[in-house]
Every structure is written in C-alpha cells, then in structure tokens.
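Structure assessment
One letter stands for each residue in the lines below.
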Amino acid sequence: MSEAARLATLIRESRGVAHKCDIAPVIAQLGIGAGDAVPVGDDTAVIPHPNGGNLLFAIEGFVADFVAADPWFAGYCGVMVNLSDVAAMGGRAIAVVDALWSAGEEQAAEILAGMREAAARYGVPIVGGHTNLKATAPQLAVAVLGEAEHPVTSFAARPGDALIVVTDLRGRFRDPFPWWDASTGTADAARLRADLALLPALAAEGLLRAGKDISMAGVVGTAMMLAETSGVGVEIDLDRLPRPDSVAIDRWLTAFPSFGFVLAVAPENTDAVLARFAARDIAAAIAGTVIDERRANIVTGGGSATVWDFATPFIGGPATASETLVHA
C-alpha cells in the first residue's frame, strides 16, 4: 500500500469522519436541505434579519468521554468552537447559551469554570441555558448567536479556487485527545479576539469565496464537507499543510485545532489572504485546489489517493446537511 493510500484509509476510518457520516440520516429524517428558506450545510445557519444583515445560529455537542476526562477544557471548548464556527462564516458572535447535565454541582463546577474563562477571554457573554444537576453522567451542548454583514458560506467554492489551510501552530495537544490547544496558556485575550476578527475582515473585503473551520473530521474531512456542499471536489497536498515539526502526519490529520480554517480563495486573492495571516504569525499555506471531479483526493510524496468519491454521500450531498442542527 502506498503512503497516500495508507493515509487516505486513516482519514476515512477516523472517528471524526465517522461522526460526520451520522449527519446524513438525521437530515433525511428532518426533511431539510438547500431548498429551505434557511439553506443548511454551513457551520452556522444564516438567517436574514428583517432590519438588514444576517443572524448566525449554531450549536455544538461534545462526546461524553471528553467531557468526563477533561471537563474544564470541554467547557472552554463549548464557547471557543462555537465562536470559530461564527468566524468561519465571516461573522462576529453576540451571545452564548448552554445545556448542561451533571451528577451534582461539584461535577458541573469545572465545566462551568471552563465556559466562564473562555467567555471572558473572547469577550462574548453567556446569557443563559439549561441545567440538570441530577444526571448520571456529564453531558454538554453549547449554542451561539452571531451576526454577519458579508457571510461566507460553504456553497460557493469553484473549480480553480485555491484551498488555503490556516492553523495556529502555537499550541499543544491535550493528551490523549486530538485537541490542538492554541487558545489557553500563554495566548492573551487581546490576541485571541484579534485573530478571530481576521475572518470577518477578510469577508468584508470580498477576499474569501467559501470556508469552514477545521472540525473533528480533521483538515481533509473538513475540506470534504466544503466540497460536497459546493458540488465540487478537492485535491489536498499533505506535504504543504501547516504542521508543527514535532507532530507526525498521522496524528495531525485527525487533529481538531482551536484555530484552524479551510478557505476557498480565488487565485487573484491568495497573496492578500496569506499576508493577513502572516502579519499575525498564524501559519497559512495554499495546500490544495478545488477541482471539477467530485472526489476528495490527497497527494503526498509524489503519490496520490482518493479519500472519498461523492457518488457516495458524506454528510448528505450538496447543500443537504448542517452542523448547526446536529453534533457529529
């Protein structure tokens, strides 16, 4: 088996990709899709506001083993990953709510402390939620409301667009999980807020065609979701991905970074986009391209392999699934 084929299998069989495959049957049961008044398929639902602009609405749920093993960071992520979803859409977050189940106040305390810390660092208030302190095990879901004047969707990538992969490499893994944490520790609040603000600024300038934040499916799985909803394909050069020198490619391909995005950018805009991230010491590189063929291909070491043929739905086909309605 070639290295490209081995890595394609690793991605396809990863836990994050498997969870994303859970979206399609739920969407089918709900009977929602691109033809609805609010099309689904983006990191957040884009809801036109009657007074102008757009509201953004998203929710994230967290796997039980993560919440039990690292409750403080689970609470922190509840806020952080939702804000990343909003930023990926070219928006700014307004407020956060949560739904928390735990076996008593003591078990809930660490989760709530993590949420409180993230809300303070990113400057977005927690305004309410649902609480049950009499559950048998901790569970957490967090939702966010945002706004965007110039939303960046997952539907607009075109063949010939460059795929720019952006990742803040100034972090560490929260072992044994695949969470790459570049948000806690030495990162100061002002930097975190300004880094997220790059995305709506780029959107306002018309420099982004489409985009998603890198999710539990990893960088290739995230690019697959963007390709499927845009009705295109992607080819990603793994040798060009921003990656810490000390991290093996196998682990990096299943990593969930605290600040990471896959952006489809028109060729004439790539230099401007790359320069904006470089100015803030955030790693960004042209690591692939959008293609006509409805496949997700990877390239490494001179070899290539197909990770997914979209003849088989991944999250449900073009513009038929949404992370805003189901956690996967």
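Not measured: the values here are computed from a predicted model.

Moving on, we get to the packing of aromatic side chains. How two aromatic rings sit relative to each other is set out by the distance from centre to centre and by the angle between their planes. In total, this model carries 13 aromatic pairs according to the counting rule given. Ring centres 6.3 Å apart and planes at 75° place the aromatic pair Phe173 and Trp252 in the edge-to-face group. Of this pair, Phe173 sits in strand β7 (residues 172–173) while Trp252 sits in helix α9 (residues 249–252), and the two are 79 residues apart along the sequence. Grouped by ring-pair contacts, the aromatic residues Phe62, Phe66, Trp72, Phe73, Tyr76, Phe177, Trp179 and Phe256 constitute a single cluster.

Now for the environment of Glu105. Summarising the element assignment, Glu105 is placed in helix α6 (residues 105–122). Along the backbone, Glu105 and Gly123 are 18 residues apart, and their C-alpha atoms lie at a distance of 25 Å.

It is worth spelling out the nonpolar core at this point. General note: in soluble globular proteins, nonpolar side chains tend to be found buried as a group. Counting 54 residues, the largest nonpolar core has Phe66, Leu199, Phe261, Leu263 and Phe277 as its most contacted members. The biggest single contributor to this core is helix α5 (residues 71–88), with eleven residues. Among the nonpolar cores identified, the runner-up in size contains 38 residues, and Leu7, Val17, Ala223 and Leu253 belong to it.

This paragraph deals with the sheet that holds strand β3 (residues 92–103). Judged by pairing direction, the sheet is mixed, and its five strands sit side by side in the order β1-β2-β5-β3-β4 without closing on themselves. One side of each edge strand has no neighbouring strand; the edge strands of this open sheet are β1 (45–48) and β4 (126–132). Direction aside, the axes of adjacent strands within the sheet are offset by 20° on average. As paired strands, β3 and strand β5 (residues 134–148) are joined by ten bridges and run antiparallel to one another. Within the sheet, the bridge partner assigned to Val96 lies in β5 and is Val144. Against the sheet, α5 makes contact with β2 (54–61), β3 and β5, and its axis sits at roughly 25° relative to β5, the strand it touches most.

Helices that pack against each other are described as a pair by the angle of their axes relative to one another and the distance between those axes. Two elements in contact, α5 and helix α7 (residues 189–204), have axes separated by 8 Å at closest approach and are oriented at 30°. Taken together, the axes of α5 and α7 are roughly parallel relative to one another. Each of Tyr76, Leu83, Ser84 and Ala87 in α5 lies in contact with α7, whose residues at this interface are Leu192, Leu196, Leu199 and Pro200. Across the contact of α5 with α7, the residue classes break down as seven nonpolar, one polar and no charged.

Running from N to C, α5 and α6 cross one another at 35°; their axes reach a closest spacing of 6 Å. For the element pair α5 and α6, the recorded crossing hand is right-handed. Listed contacts from α6 to Pro71, Trp72, Gly75, Tyr76, Val79, Met80 and Leu83 of α5 are Glu110, Ile111, Ala113, Gly114, Met115, Glu117, Ala118, Ala119, Arg121 and Tyr122.

With that out of the way, let us pick up the environment of Ala189. Inspection of the secondary structure puts Ala189 in helix α7. Here Ala189 falls in the partly exposed class, since its relative accessible area comes to 25%.

Summed over the entire model, instances satisfying the criterion amount to 17 salt bridges. The salt bridge involving Arg209 is made with Asp161; its shortest N-O contact spans 2.8 Å. Here Arg209 is found in the loop between α7 and β9 (210–213), whereas its partner Asp161 is found in the loop between β5 and β6 (162–167), with 48 residues between them in sequence. Judged by its relative accessible area of 1%, Asp161 is buried.

Attention shifts here to the side chain of Asn297. Following the sequence through the fold, Asn297 ends up in strand β14 (residues 295–300). Once residues within four sequence positions are removed from consideration, Asn297 is found in contact with Val234, Glu235, Ile236, Ile291, Ala305 and Thr306.

This part takes up the sheet that holds strand β15 (residues 303–309). Taking strand neighbours across the sheet as the criterion, the seven strands line up as β9-β12-β6-β13-β10-β14-β15 in an open arrangement whose pairing is mixed. Where the open sheet ends on each side, the last strands, each with one partner, are β9 and β15. Each adjacent strand pair in this sheet contributes to an overall mean axis angle of 25°, direction not counted. Across four bridges, strand β10 (residues 233–237) lies against β14 in parallel orientation. Paired with Asp237 across the strands is Val299, a residue of β14. The strands that α5 touches are β9 and β12 (260–265); relative to β9, the one it contacts most, it runs at about 175°.

Cut-off values and rules
Residues numbered from 1 in each chain as written. Predicted model: local features only at pLDDT ≥ 70, side-chain atom pairs only at ≥ 80, totals over all residues. Heavy atoms only, no water. Phe/Tyr/Trp six-rings, centres within 6.5 Å; stacked < 30°, edge-to-face > 60°. Helix = DSSP H or I, 4+ residues; strand = E, 2+ residues; numbered from the N terminus. Core = buried A, V, L, I, M, F, W, Y, C linked by side-chain atoms within 4.5 Å. Buried < 20%, exposed > 50% of the residue type's maximum accessible area, 1.4 Å probe, protein only. Pairing = 2+ DSSP bridges. Axes fitted to C-alpha atoms, helices over the stretch in contact; angles between N-to-C directions. Contact = heavy atoms within 4.5 Å. Parallel < 35°, antiparallel > 145°, perpendicular 65-115°, else oblique. Nonpolar A, V, L, I, M, F, W, Y, C, P; charged D, E, K, R; others polar. Left-handed = near helix turned anticlockwise from the far one by under 90°. Salt bridge = Lys/Arg side-chain N within 4 Å of Asp/Glu carboxyl O.

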